[in-house]
Structures are given as structure tokens and as C-alpha cells.
Amino acid sequence: MIVNGSDPEVLGKRKELATTALYGAVFEVAQASPYPLRLSPAASGLELGGTEPVAGRPNRALMKLFPIGPRRFAAFFYKRSQVPFSRDRFAYGAVIVEESRLDTAEVQTWCRWLHEGFPPEMPPPRIKRAFAFTVPDD
């Protein structure tokens, strides 16, 4: 479920996401999932984050979905730096998705992994640890 789904900024972002089939589909899977996630309305593309504490600490897990080519997207899993002025990100990997081949069961594994703070023993299927594209900063 999207815990901030009724916020005005999020409602506006939902309209923007609906213009791209893949964004809309991933959002709907996240909304229907049993895991509480938050949507980042100011981010480009679609960005979801975990909300529940992990091992007594805030959950910093984030997933950013963005285009990397015609009808191809990357779901990039990362955590932001804890240094307040830093723009660094710690990458956990990425999954390449063809717009016409979205597997909603796979998206559910993304939601679970976000919720659980990226436990190393259960990464999503098809995750790549190395990739040749630039991840947008915003």
C-alpha cells in the first residue's frame, strides 16, 4: 500500500505516472501490495521507499524506476548517503524491464525487498549488480 497516497502532491504525481503505462502498472502493484511504501512525489520517474524500521533503524531502501531507452526501463534499488550534504547513493542493483513484459509478481518481490530494507539473502529475480546507464539524480 502507498501510505502517503492521499497527499495532494502524491495525487498530482499519480496523474503524471498514469501517462506512462509502466509507471502506472508498477504504481498499481505497489498500491495493492501488503507492504507499506511511500511515493516520492518530487522525484523524476517513479520512486518508492520502505517505511517500516529495519532492525530498529529507519528503512532507507529506495527504488527508482526510469527510462533507459525506447520502451525499456530500469528499476534501480539504492540507499541515499547518511551524510546530510552528500548526493552519494549506495547501489544494491537494478532490474531491466521491457514496457510490454512487466511481470506483476516480480514487482511484488521489489515491494517486499524495499519493505524489508534489502536483505542480501533474498534479492529480486533478474537483479544486475553492474549496468551501463546513468541514474538520474532527482
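Our structure is the block above this text.
Cut-offs and rules
- Residues numbered from 1 in each chain as written.
- Predicted model: local features only at pLDDT ≥ 70, side-chain atom pairs only at ≥ 80, totals over all residues.
- Heavy atoms only, no water.
- Helix = DSSP H or I, 4+ residues; strand = E, 2+ residues; numbered from the N terminus.
- Expected span 1.5 Å × (residues − 1).
- Buried < 20%, exposed > 50% of the residue type's maximum accessible area, 1.4 Å probe, protein only.
- Polar contact = N/O pair within 3.5 Å; in protein donor to acceptor, adjacent residues only side chain to side chain.
- Pairing = 2+ DSSP bridges.
- Core = buried A, V, L, I, M, F, W, Y, C linked by side-chain atoms within 4.5 Å.
- Contact = heavy atoms within 4.5 Å.
- Arc of directions from axis to C-beta.
- Salt bridge = Lys/Arg side-chain N within 4 Å of Asp/Glu carboxyl O.

**Student:** Quick rundown of helix 3 (residues 104-115)? Include the residues and the values.
**Tutor:** With 12 residues, helix 3 should reach 16 Å at 1.5 Å per residue; the first-to-last C-alpha distance of 17 Å fits that figure. Counting buried residues in helix 3 gives 9 out of 12 residues, a clear majority hidden from the surface. Burial in helix 3 covers these residues: E106, V107, T109, W110, C111, R112, W113, L114 and H115. Between the side-chain oxygen at the start of helix 3 and the backbone nitrogen of A105 there is a gap of 3.1 Å, and the oxygen is on D103. Trailing helix 3 by a residue or two, G117 shows a phi angle of about 75°, which is positive.

**Student:** Describe the pairing of strand 2 (residues 46-50), with residues and values.
**Tutor:** For strand 2, a buried count of 5 out of 5 residues is recorded, marking the element as mostly surrounded by other parts of the structure. Bridge analysis of strand 1 (residues 37-39) against strand 2 gives 3 bridges, and the strand direction is antiparallel. Within strand 2, the position partnered with L37 by the bridge is G50. In sequence, strand 1 turns back onto strand 2 through a hairpin of 6 residues, with G45 there showing a positive phi of about 65°. One ladder, built from 4 bridges, connects strand 2 with strand 3 (residues 61-69); its direction is antiparallel. Across the sheet, residue L48 finds its bridge partner in strand 3, namely M63.

**Student:** Tell me about the nonpolar core, and name the residues and values.
**Tutor:** L48, M63, L65, F77 and W110 are the most contacted members of the largest nonpolar core, which totals 37 residues. Among the elements of the structure, helix 1 (8-17), helix 2 (21-32), strand 1, strand 2, strand 3, strand 4 (72-80), strand 5 (89-98) and helix 3 are those that each provide at least two residues to this core. In this view, W110 contacts V26, M63, A75, F77, V95, V97 and P124; residues no more than four positions away in its chain are not counted.

**Student:** Tell me what's going on with helix 1, and back it up with residues and numbers.
**Tutor:** Along helix 1, the residues that are buried comprise V10, K13 and L17. For helix 1, the angular spread of the buried residues around the axis is 60°, confining them to a single face. Among the exposed residues of helix 1, those oriented more than 90 degrees off its buried face are P8 and K15.

**Student:** Now, about the pattern of salt bridges: what can you tell me, with residues and values included?
**Tutor:** Scanning the entire structure with this criterion turns up 5 salt bridges. In this structure, K13 engages E16 in a salt bridge whose closest nitrogen and oxygen atoms are separated by 3.2 Å. With K13 and E16 both in helix 1 and 3 residues apart, this pair spans about one turn of that helix. Look at K13 and you get buried, because its relative accessible area is 3%. For E16, a relative accessible area of 45% corresponds to the partly exposed category.

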